[in-house]
Amino acid sequence: MVNQVQRGDGTCQSCKSDSSGASNSGGESSKESSRCSTPVLDSDRSDRLRDKMRRRMESGDHWFSLEFFPPRTASGAVNLISRFDRMGSGGPLFIDITWHPAGDPGSDKETSSMMIASTAVNYCGLESILHLTCCNQTKEKITGYLAKAKHLGLKNIMALRGDPVGADWEEEEGGFNYATDLVKHIRSEFDDYFDICVAGYPTGHPEAESYEEDLRHLKEKVDAGADFVISQLFFRADTFLKFLDDCRQIGITCPILPGIFPIQGYQSLRQLVKLSKLEVPEEITKVIEPIKDNDAAIRNYGIQQAVEMCRVLLDSGKVPGLHFYTLNREVATMEVLRQLGLWIEDPRRPLPWAVSAHPKRKVEDVRPIFWASRPKSYIYRTQDWDEFPNGRWGNSSSPAFGELNDYYLFYLKSKSSKDALLKMWGEELMNEVSVFEVFTCYITAQPNRSGHKVMCLPWNDEPLASETNLLKDELEKVNRRGVLTINSQPNINGKPSTDPVVGWGPAGGYVFQKAYLEFFTSSENVTALLKVLKKYEPRVNYHIVNVHGRNLTNAPDLQPNAVTWGIFPGREIVQPTVVDPVSFMYWKDEAFALWIEQWAKLYEDESPSRMIIKYIHDNYFLVNLVDNDFPLENCLWQVIDDMFELEPPQRINKVLIYLLEAFL
């Protein structure tokens, strides 16, 4: 499937203290439960994290994982989610989100640990671990946070004591003082629901009486129910390998992952060493001190030092995966992974759209095509469903999509600033043609009249997908003439599932698509289009609506139409994308609202630019077309050409009349 968008301040976990010691959502189901039982294409979607690790270890496939911390600002949250999408494309086995008591980490704030981790799972499709500490928290409060995490779809917890608020640890009445107690509590209250990770210290915890005592405490955490261990950072490979051997000697058999910190700057290294109470080896300080004011040189050194250390670890045959402390940066970590051959530049898509990692969505394999460019919005609007389509969409007359009024939510906002959007979409619009030019520049990736490239639209917050290049020339022609496309896909007849452009699903299969085109256009064009479409029935299905609810379609009995499907060895046919007439009416509300919420509101009230966007919102139609004869040449471009032959462009005067009426 092609859509016009690409198809994932604080301290890192290495800085936290973890001295351990001995001592549904309910509601009616919004979709019918009669679903075909198509096997899930990607077993990783249904497996627990510990099972994924076990399978990787058995196959000998190395993995990596990434740590992030919650940002301090709302704009930082938007940027972090964008980073999740970029770094998620490289194929991490999981990510983890740190817990900072001073930042209200369990709240619904967009900068809280809980919300960042929930967004990573639900909207970025990333297996995620939420850190949880004992610091300044009662047993009841911790239980509440765990229950909330479960409700949000989080399945993995990193159980930590946490750093003291002051210089020394103060016991919390009715709380826990050791990570071991927290692990026991999680198992007692939630049985085996969560996979639990704990921290290990290759040189011993700084508060432990001895290295040997700290190893015993680590074994207590594992014996209490922890599934795997992530280590504190270190600077020499032999430090971790000795720690690993020592853990095995005392009977710790679970996976133990090394925590890797690529040195990225002099000040960040000093701060990290201070917080973690580690000493930097002399061979590293000798290199760094002379170049401490050259960030680029330090970063390059840090990359090479990390690569060399990681190679030793992986070549030992004892280390199945690497965990990276990113400090919310991406360049150094990605470069290390590329040099190690662990970064997957183009991971296979299990389905044509971005999946969610929420447990209740693990069998979901069908969605309407309309949200192809806004998968996070679709997930948000269907978050209260109890069951999700599996195998077929079904004939549901009431999908019960939630309302989308929260355009401000950090995971739904454009990651571009207002100033950047104005530069792309126009500081001042003169007429409808100004809008046509914005769409055209987005399609062609050419600079606009002000010299700025249009990298996104309200309906597509990413640059064009590689698949769109198959349609690029035709899309450019129609957008220049006022057919403003927001979603499209070419017809595909049996391409291998491994095709780098349109492929999806497991290897050895074949994928198919019907040509699809979705666009806004004027009422005059629609009048001509309806005349033209009569000669293309039943080959072409159409659905045409405006913001006021005028609704024209030739879909038989409002039945869904499969527009993407795949055939794979030993499996039923999978049809992950449909055009559903009922869902389209929910999508049209969102699609029209984006004209106002994301574009018109960039301009002053009653300004000509704002009124031009409002005119389009009030008077244009949203159209989708499907060419059902996928083995033949796509006929939709001929449909549009025929429409233009019937309706010569006469647009500017109507807009001027609309503007004059608005100002009088």
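Being a predicted model, the structure only gives us computed values, none of them experimental.

### A look at the overall build of the protein
1) Next: Summing up its helical and strand segments, the protein has 20 helices and 18 strands in all.
2) Next: Buried residues in the protein amount to 58% of all 664 residues.
3) Next: For the protein, the accessible area works out to roughly 27,200 Å², and carbon and sulfur atoms hold 48% of it.

### Considerations on the confidence of the model for the protein
Low-confidence regions, as indicated by low pLDDT, have predicted coordinates that should not be scrutinised in detail.
1) Next: For the protein, the average pLDDT comes to 87, and 86% of its residues sit at 70 or higher.
2) Next: Below pLDDT 50 for its whole length, residues 1-40 participates in 186 contacts with residues either more than four positions away or in separate chains.

### Section: the packing of aromatic side chains
1) Next: All told, the structure shown has 26 aromatic pairs when counted by the stated rule.
2) Next: With centroids separated by 5.2 Å and ring planes inclined at 45°, the aromatic side chains of Trp 425 and Trp 599 adopt a geometry described as tilted. Taken together, the positions of Trp 425 in helix α13 (residues 418-425) and Trp 599 in helix α17 (residues 581-599) put the pair 174 residues apart, joining distant regions of the chain.
3) Next: Take Trp 425: its relative accessible area is 1%, and that puts it in the buried class.
4) Next: What makes Trp 599 buried here is its relative accessible area of 0%.
5) Next: Ring geometry for Phe 520 against Trp 595: centres 5.3 Å apart, planes inclined by 70°, an arrangement best described as edge-to-face.

### Concerning the sheet that holds strand β17 (residues 574-579)
1) Next: A sheet is described by the order of its strands in space; here five strands give the open sequence β9-β17-β16-β12-β11, paired in mixed fashion. Two strands close off the open sheet at either side, each with one partner strand: β9 (367-368) and β11 (492-496).
2) Next: When strand β12 (residues 510-513) meets strand β16 (residues 561-567), the two strands line up antiparallel, connected through four bridges. From the neighbouring strand, Phe 512 faces β16, where its bridge partner is Trp 565.

### With respect to unusual backbone geometry
1) Next: Omega for the peptide link from Glu 537 to Pro 538 comes to 0°, which places this bond in the cis form.
2) Next: On the secondary structure map, Pro 538 appears in the loop between α16 (523-533) and β14 (540-546).
3) Next: Phi at Leu 327 takes a positive value of approximately 55°, unusual for a residue other than glycine.
4) Next: Secondary-structure assignment places Leu 327 in the loop between β8 (321-325) and α11 (331-340).
5) Next: Relative accessible area serves as the criterion here: at 14%, Leu 327 is assigned to the buried category.
6) Next: Its identity as a non-glycine residue notwithstanding, Leu 558 has a phi of 55°, on the positive side.

### Topic: the sheet that holds strand β13 (residues 515-521)
1) Next: What the five strands build is an open sheet, ordered β10-β13-β18-β14-β15; its pairing is antiparallel. Strands with a single pairing partner mark the edges of an open sheet, and in this sheet they are β10 (484-489) and β15 (551-553). The mean angle between the axes of side-by-side strands here comes to 10°, regardless of whether they run parallel or antiparallel.
2) Next: In the sheet, β13 pairs with strand β18 (residues 621-627) via seven bridges, with the strands oriented antiparallel. Within β18, the residue paired with Leu 517 across the bridge is Leu 625.

Rules used throughout
- Residues numbered from 1 in each chain as written.
- Predicted model: local features only at pLDDT ≥ 70, side-chain atom pairs only at ≥ 80, totals over all residues.
- Heavy atoms only, no water.
- Helix = DSSP H or I, 4+ residues; strand = E, 2+ residues; numbered from the N terminus.
- Buried < 20%, exposed > 50% of the residue type's maximum accessible area, 1.4 Å probe, protein only.
- Areas by Shrake-Rupley, 256 points an atom, 1.4 Å probe, with all protein chains shown as cover.
- pLDDT = per-residue confidence, 0-100.
- Contact = heavy atoms within 4.5 Å.
- Phe/Tyr/Trp six-rings, centres within 6.5 Å; stacked < 30°, edge-to-face > 60°.
- Pairing = 2+ DSSP bridges.
- Axes fitted to C-alpha atoms, helices over the stretch in contact; angles between N-to-C directions.

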